[in-house]
Amino acid sequence: AASSMSLLRASRLPSHGLDPEHPLSQEIATVCQQHWDSWGASTEGMELLESDGPLEVYRSCLEQEGAAVDPILARHTVTGVSAREVAEMFWNLQYRLDWERTLDSAPIVLDTLASDTLLLHQIYKRLWPTAQRDSVFWSHIRHAEQRTMVVNCSTEVGAPPLASGRQRMQLNVSLICETELPEGGRLPTERSQLRCRMQYSARVHPGGWAPMAVLRQVAKREYPRFMRRFSGYCVDRVKHMPTRA
Ligand code: 16C
């Protein structure tokens, strides 16, 4: 398993479906490669926010111009789903409101850049006592061998103006999933034999004033909650369906 892991780590991502002339093409390729290479990243020196069986959520405290942007790294392993299924439920908007609790309204698709890449506008619940936030980001899904990744990353390309009273968060998030294959390397037909390893990473800049202590408290509560809720949702959603790679 270790050798196949290093092989995958060394491999270049297959090229994506976006027109190479598109203004976001290079950025998407670069950011995605960075996330792809972060699989198995060390959590040394990070603060363990939560540890519950296979679930681990880490944070490092980082301030930029007085704002907390604390990088988060979480790992989890769940039984009953494949990497592809989990990533699909994270990327495909059809499922979003079923598991995402931070949104004030349904995400808006500003543009479909390719069959695997959307440009999205999301408006979040207001976190008292701060201004309401929104974010504009491209969202890309990529599959190679037993690993599937989704990257959500803020951009200014194609972004609508900021509504008054709102502030724009900057986010750089990825979810990388890997199907754990049993001996022989074939996808099991029994869901009880199917396991998916997840690595979630998030860097969110609040984009305007927000009390650091409040952000840190909310983050500490909400990231573990998200990991549990989202992975539980995935397992539940597919439990009566046949397995697929
Ligand atoms: O990655 C996740 N979701 C994706 C699809 O929506 C996408 C979105 C990432 C945005 C994450 C930050 C959301 C902050 C919302 C503002 C406060 C709402 C609080 C509502 C509490 C019920 O990639 C899963 C995201 C899991 C998010 C956990 C919440 C972390 C809060 C950290 C504070 C950030 C700064 C907020 C500035 C006021």
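Going by the structure above, here's the rest.
Scoring rules and cut-offs
Residues numbered from 1 in each chain as written. Predicted model: local features only at pLDDT ≥ 70, side-chain atom pairs only at ≥ 80, totals over all residues. Heavy atoms only, no water. 1 Å grid on protein atoms, 1.4 Å probe; cavity = no way out; pocket = protein on both sides within 12 Å on 5 of 7 lines; lining within 4 Å. Points joined across faces, edges and corners; volume = space filled by probe spheres on them. Helix = DSSP H or I, 4+ residues; strand = E, 2+ residues; numbered from the N terminus. Nonpolar A, V, L, I, M, F, W, Y, C, P; charged D, E, K, R; others polar. Buried < 20%, exposed > 50% of the residue type's maximum accessible area, 1.4 Å probe, protein only. Pairing = 2+ DSSP bridges. Polar contact = N/O pair within 3.5 Å; in protein donor to acceptor, adjacent residues only side chain to side chain. Near = heavy atom within 4 Å. Areas by Shrake-Rupley, 256 points an atom, 1.4 Å probe, with all protein chains shown as cover. Sits in = over half its atoms within 2 Å of the grid points.

Student: Describe the layout of surface pockets, listing the residues and the values that go with them.
Tutor: If a probe the size of a water molecule is rolled over the atoms, the empty space left behind becomes visible. Counted as a void, the largest pocket has a volume near 1,000 Å³. Of all the secondary structure elements, the ones that give two or more residues to the lining of the largest pocket are α4 (93-99), β8 (132-144), β11 (170-180), β12 (195-205) and α5 (212-238). It is α5 that contributes the most residues to the lining of the largest pocket, ten residues altogether. Counted by class, the lining of the largest pocket contains 21 nonpolar, five polar and 13 charged residues.

Student: An account of the pairing of strand β7 (residues 117-123) is needed here, citing residue identities and associated values.
Tutor: For β7, a buried count of seven out of seven residues is recorded, marking the element as mostly surrounded by other parts of the structure. Neither face of β7 is open: one carries Thr117, Leu119, His121 and Ile123, the other Leu118, Leu120 and Gln122, and all of them are buried. As judged from the five bridges shared by strand β6 (residues 108-114) and β7, these two strands associate in the antiparallel manner. The partner of Thr112 across the bridge, within β7, is Leu118. Taking the residues that link successive antiparallel strands as the turn, the β6-β7 hairpin has two residues. Here β7 pairs with β8 via seven bridges, running antiparallel. Across the sheet, residue Leu118 finds its bridge partner in β8, namely Ser139.

Student: Tell me about the side chain of Thr243, and name the residues and values.
Tutor: Considering the arrangement of structural elements, one finds Thr243 in the segment after α5. At a separation of 3.1 Å, a polar atom in the side chain of Thr243 contacts the main-chain carbonyl oxygen of Pro188.

Student: How would you explain the site of the ligand if you had to name every residue and give the values?
Tutor: The full set close to the ligand counts 21 residues, and Glu100, Gln122, Asn152, Tyr200 and Glu222 are the nearest of them. Side-chain polar atom of Tyr200 to an oxygen atom of the ligand: 2.7 Å apart, as the coordinates give it. Out of a free accessible area of 840 Å², the ligand has 96% covered by protein chains. Spatially, the ligand is embedded in the largest pocket. Elements represented by at least two residues in the shell around the ligand include exactly α4, β11, β12 and α5. Broken down by element, the residue count for the shell around the ligand peaks at four residues, all from α5. The residue inventory of the shell around the ligand, partitioned by class, reads twelve nonpolar, three polar and six charged.

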